[in-house]
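A structural walkthrough
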Amino acid sequence: MRIHLTSVFVDDQAKALRFYTEILGFVKKYDVPVGGTDRWLTVVSPEEPGGTELLLEPAGHPAVKPYRDALAADGIPLAQFAVSDVRAEYERLSGLGVRFTQEPLEMGPVTTAVFDDTCGNLIQIATQPEQ
Amino acid sequence: MADDLFKALADPTRRTILDELAEQSGQTLFEICSRLSMKHRLGISRQGVSQHLAVLEAAGLVETRREGRCKFHDLNTAPLRQITERWPVPDPSGPEESPS
C-alpha cells in the first residue's frame with residue numbers, strides 16, 4: 001500500500017491554486033470539474049511529479065469550519081511539507097507576504113516552522129532528518 | 001493573588017514553559033507542546049499543557065491574545081515584582097559580580 005494522495009480543505013479553490021503554485025511552488029496535476037463549481041484539483045511537487053498528490057478540496061461541508069477553527073486557534077498544522085532548509089524557506093515565504101504562526105524552531109535534528117496558507121489551514125514545513 | 005503566583009511557580013514543567021516563553025514570546029499551544037516534547041523530552045498531553053497554561057494565566061504570568069485565527073501566549077513577568085517587594089533584594093554595594 002502507498003500513500004498517493006492527501007488533502008487539505010480550502011475556502012476557495014482558485015485562490016488556493018494560486019497560493020499553492022505561485023507562492024509555494026507546486027505544480028498543478030489534475031483539474032477536473034466534479035459538479036457545480038467544485039473541481040478535482042491536485043498539485044504535486046516539481047521535485048517529484050509522480051509523487052504524492054495534494055488535493056485542494058472544497059471546504060463546503062458544515063463540519064469543516066468548526067474543525068479548522070478549533071485547530072487554528074491552538075496553532076495546529078493540518079499538513080507538513082519537507083524542505084531542505086526551513087530558515088531559507090521562511091525568509092523566502094515571508095518576503096512574499098506569507099504569515100508565520102511559528103518561526104523556525106530548531107529541536108535537535110528537526111527544524112520546523114508553521115505558516116497560514118490563506119485558505120483556512122496552518123501548514124508546517126520541516127527538515128527531514130537524514131535517512 | 002500571591003498564592004496563585006507561588007503555586008504557578010512551584011511546578012517544574014510550568015517553569016520550563018516560562019523559560020520557553022522568555023526565549024520566544026507569542027507562541028501557540030502547538031509550539032509550546034512541540035518545545036516541551038522535542039526540546040525537553042517531556043511527555044505531556046496537549047490537554048495537560050493547556051491546564052498548566054491555565055494555572056500560569058490565573059497567576060498573571062502568561063497572557064493570551066488572538067491574532068487572526070490563532071491564539072498566542074506571551075510571558076508577563078510583572079507579577080514576579082511582588083516577590084522582591086515582599087522580600088527586598090539589597091542592591092549590590094561594590095562592583096557587580098557576574099552571576100554564576
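Reference entry: report on the structure contained in this document. Fair warning: this is a prediction, and the values are worked out from it, not measured in the lab.

1. Side note on the side chain of Asp116(A)
Residues and elements named next belong to chain A.
- Inspection of the secondary structure puts Asp 116 in strand β7 (residues 110–116).
- The buried category is assigned to Asp 116, whose relative accessible area is 13%.
- In this structure the side chain of Asp 116 is engaged in a polar contact, spanning 2.8 Å, whose partner is the backbone nitrogen of Thr 118.
- Setting aside anything within four residues of it in sequence, one finds Asp 116 in contact with Phe 19, Val 98, Arg 99, Asn 121 and Leu 122.

2. Considerations on the sheet that holds strand β5 (residues 79–82) of chain A
Residue and element names in this part refer to chain A.
- In space, the 4 strands of this open sheet follow the order β5-β8-β7-β6, with mixed pairing throughout. Since the sheet does not close on itself, it has two edges, and those belong to β5 and β6 (100–107), each with one partner. For this sheet, the mean angle separating the axes of adjacent strands, direction not counted, is 20°.
- For β5 and strand β8 (residues 122–126), the ladder comprises 4 bridges, and the chain directions are parallel.

3. Here's the deal with the pattern of salt bridges
- For the structure shown, the criterion picks out 14 salt bridges over all chains.
- A single network of salt bridges, built from pairs that share partners, joins Glu20(B), Glu23(B), Glu31(B), Arg35(B) and Lys39(B).

4. Thoughts on the pairing of β8(A)
Residue and element names in this part refer to chain A.
- Burial within β8 is extensive, with 5 of its 5 residues counted as buried.
- Because side chains alternate across β8, one face comprises the buried residues Leu 122, Gln 124 and Ala 126, and the other comprises Ile 123 and Ile 125, equally buried.
- As judged from the 5 bridges shared by β7 and β8, these two strands associate in the antiparallel manner. Looking at the pairing, Phe 115 lines up with Ile 123 of β8.
- Between the end of β7 and the start of β8, which pair antiparallel, lie 5 residues, with Thr 118 showing a positive phi angle near 65°.

5. Here we look at the packing of helix α2 (residues 12–23) of chain B against helix α3 (residues 29–39) of chain B
All names here are of chain B.
- It is at 10 Å that the axes of α2 and α3 come closest, and there the two elements cross at 110°. Comparing their axes, α3 and α2 come out roughly perpendicular. Of the two elements, α2 crosses α3, and the hand of that crossing is right-handed. Seen from α2, the contacting residues are Thr 13, Thr 16, Ile 17, Glu 20, Leu 21 and Glu 23; seen from α3, they are Ile 32, Arg 35, Leu 36 and Lys 39.
- In terms of residue class, the contact of α2 with α3 is built from 4 nonpolar, 2 polar and 4 charged.

6. What to know about the interface of chain B and chain A
- Contacts between the two partners involve 16 residues from chain B and, on the opposite side, 21 residues from chain A.
- Where chain B abuts chain A, roughly 1500 Å² becomes buried across the two surfaces, and 58% of that area is made up of carbon and sulfur atoms.
- Among the residues chain B hides against chain A, the three largest losses belong to Phe30(B), Met38(B) and Arg69(B). Together they make up 42% of the total.
- For Asp69(A), the salt bridge identified is with Arg69(B), shortest N-O distance 3.3 Å.
- Among the elements of the structure, α3, β1 (62–67) and β2 (70–75) of chain B are those that each provide at least two residues to the side of chain B that touches chain A.
- In terms of residue count, the dominant contributor to the side of chain B that touches chain A is α3(B) (7 residues).
- The residue inventory of the side of chain B that touches chain A, partitioned by class, reads 5 nonpolar, 3 polar and 8 charged.

7. As for the environment of Glu91(A)
- Note on placement: Glu91(A) falls in helix α3 (residues 86–95).
- As a C-alpha pair, Glu91(A) and Gln124(A) span 33 residues in sequence and 15 Å in three-dimensional space.

8. A few points about the packing of aromatic side chains
Residues and elements named next belong to chain A.
- Applying the stated rule across the entire model yields 7 aromatic pairs over all chains.
- Measuring from ring centre to ring centre gives 5.7 Å for Phe 19 and Tyr 20, while their planes differ by 70°; the resulting arrangement is edge-to-face.
- Overall, Phe 19 belongs to the buried group, its relative accessible area being 6%.
- On the accessibility criterion, Tyr 20 (0% relative accessible area) is buried.
- Ring plane angle 70° and centroid distance 4.7 Å describe the contact between Tyr 90 and Phe 100, whose orientation is recorded as edge-to-face.

9. Quick word on the sheet that holds strand β2 (residues 27–33) of chain A
Residues and elements named next belong to chain A.
- Judged by pairing direction, the sheet is mixed, and its 4 strands sit side by side in the order β1-β4-β3-β2 without closing on themselves. This sheet does not close on itself; its edge strands, each paired only once, are β1 (5–10) and β2. Strand-to-strand twist across the sheet, computed as the mean angle between neighbouring axes with direction ignored, equals 25°.
- Alignment of β1 against strand β4 (residues 53–58), held across 6 bridges, turns out to be parallel. From the neighbouring strand, Thr 6 faces β4, where its bridge partner is Leu 54.

Conventions we followed
- Residues numbered from 1 in each chain as written.
- Chains lettered and ligands numbered in written order.
- Predicted model: local features only at pLDDT ≥ 70, side-chain atom pairs only at ≥ 80, totals over all residues.
- Heavy atoms only, no water.
- Helix = DSSP H or I, 4+ residues; strand = E, 2+ residues; numbered from the N terminus.
- Buried < 20%, exposed > 50% of the residue type's maximum accessible area, 1.4 Å probe, protein only.
- Polar contact = N/O pair within 3.5 Å; in protein donor to acceptor, adjacent residues only side chain to side chain.
- Contact = heavy atoms within 4.5 Å.
- Pairing = 2+ DSSP bridges.
- Axes fitted to C-alpha atoms, helices over the stretch in contact; angles between N-to-C directions.
- Salt bridge = Lys/Arg side-chain N within 4 Å of Asp/Glu carboxyl O.
- Parallel < 35°, antiparallel > 145°, perpendicular 65-115°, else oblique.
- Left-handed = near helix turned anticlockwise from the far one by under 90°.
- Nonpolar A, V, L, I, M, F, W, Y, C, P; charged D, E, K, R; others polar.
- Buried area = accessible area lost by both parts, 1.4 Å probe.
- Phe/Tyr/Trp six-rings, centres within 6.5 Å; stacked < 30°, edge-to-face > 60°.

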